[in-house]
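Structural description and commentary
So you can see what is in the structure, the chains are spelled out below.
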Amino acid sequence: QVQLVESGGGLVQAGGSLRLSCAASGRTFSSYAMGWFRQAPGKEREFVAGIVSWSGGNTYYAHSVKGRFTISRDNAKNTVYLQMNSLKPEDTAVYYCAATGGSYYYTRVGEYDYWGQGTQVTVSS
């Protein structure tokens with residue numbers, strides 16, 4: 001069982017930056033692949049970024065955020081981060097952290113077993 005708690009959301013102007021954090025419980029955090037998703041009002045939850053398990057050297061991104069967002073993990077702190085730069089109004093959403101026990105690349109909601117409660121990110125124009 002893994003519990004995930006996101007933090008770091010808030011209100012920022014377009015062009016600004018935010019860093020989201022996701023703290024995980026459990027002693028096997030490093031064995032989980034982690035992902036960030038987001039959900040805007042009236043829209044389906046969508047994949048944003050993912051990082052593979054263990055050393056976390058491999059990352060992957062949705063086309064809409066590639067080059068602006070960076071996912072990383074600190075296994076010693078049981079934490080995964082999402083650095084968001086050059087934010088746009090269309091990035092406004094609730095952002096969710098997710099974990100899955102596999103060792104591959106996962107971009108679909110159904111592929112993740114554990115979810116956080118979400119943190120609101122609002123980008124003003």
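To keep things clear, this report deals only with the structure shown in the data block. (Residues numbered from 1 in each chain as written. Predicted model: local features only at pLDDT ≥ 70, side-chain atom pairs only at ≥ 80, totals over all residues. Heavy atoms only, no water.)

**Some details on the packing of aromatic side chains**
- Within this structure, the stated rule accounts for 9 aromatic pairs.
- On the numbers, 4.8 Å between centres and 70° between planes, the contact of Tyr60 with Tyr105 is edge-to-face. Note that Tyr60 is positioned in strand S6 (residues 59–61) and Tyr105 in the loop between strand S9 (93–100) and strand S10 (114–115), a separation of 45 residues in sequence.
- Under the relative-accessibility criterion, Tyr60 is labelled buried at 12%.
- On the accessibility criterion, Tyr105 (36% relative accessible area) is partly exposed.
- Joined through ring pairs, the aromatic side chains of Phe37, Phe47, Tyr60, Tyr104, Tyr105, Tyr106, Tyr112 and Trp115 make up one cluster.
- Over the ring of Tyr96 we find Arg45; its NZ or CZ atom is 3.7 Å from the centre of that ring. (Phe/Tyr/Trp six-rings, centres within 6.5 Å; stacked < 30°, edge-to-face > 60°. Helix = DSSP H or I, 4+ residues; strand = E, 2+ residues; numbered from the N terminus. Buried < 20%, exposed > 50% of the residue type's maximum accessible area, 1.4 Å probe, protein only. Lys NZ or Arg CZ within 6 Å of the ring centre and 35° of its normal.)

**Some points on the sheet that holds strand S3 (residues 18–24)**
- A sheet is described by the order of its strands in space; here 4 strands give the open sequence S1-S3-S8-S7, paired in antiparallel fashion. For this open sheet the edge positions go to strand S1 (4–7) and strand S7 (69–74), each flanked by a neighbour on one side alone. Mean inter-strand twist for the sheet, computed between neighbouring axes without regard to direction, equals 15°.
- Looking at chain direction, S3 and strand S8 (residues 79–84) are connected through 6 bridges and run antiparallel. Counted as the bridge partner of Cys22 is Val80 from S8. (Pairing = 2+ DSSP bridges. Axes fitted to C-alpha atoms, helices over the stretch in contact; angles between N-to-C directions.)

**Here we look at the nonpolar core**
- Counting 38 residues, the largest nonpolar core has Leu4, Met34, Trp36, Val80, Leu82, Met84 and Tyr95 as its most contacted members.
- Mapped by element, the contributors of at least two residues to this core are S3, strand S4 (33–39), strand S5 (46–51), S7, S8, S9 and strand S11 (119–124).
- Sort the elements by how many residues they give to this core and S9 lands first, with 5 residues.
- Residues contacting Tyr95, with those up to four places away along its chain left out, are Glu6, Leu20, Trp36, Phe37, Arg38, Val48, Phe69, Leu82, Met84, Gly118, Thr119 and Val121. (Core = buried A, V, L, I, M, F, W, Y, C linked by side-chain atoms within 4.5 Å. Contact = heavy atoms within 4.5 Å.)

**Digging into the side chain of Asn78**
- Following the sequence through the fold, Asn78 ends up in the loop between S7 and S8.
- Once residues lying within four places of it in the same chain are set aside, the contact partners of Asn78 are Cys22, Ala23, Ala24, Ser25, Gly26 and Phe29.

**So, unusual backbone geometry**
- Not every positive phi belongs to a glycine, and Asn78 is a case in point at roughly 55°.
- Positive phi, normally seen in glycine, also occurs at Ser86, with a value near 50°.
- With respect to the helices, strands and loops of the structure, Ser86 is situated in the loop between S8 and S9.
- Overall, Ser86 belongs to the partly exposed group, its relative accessible area being 41%.

**What about the pairing of S5?**
- When you tally the buried positions in S5, you get 5 out of 6 residues, the bulk of the element.
- Hairpin connection of S4 to S5: 6 residues between the antiparallel strands, including Gly42 at a positive phi of 80°.
- Relative to S6, S5 runs antiparallel, the two being bridged by 3 bridges. By the bridge assignment for S6, Ala49 is matched with Tyr61.

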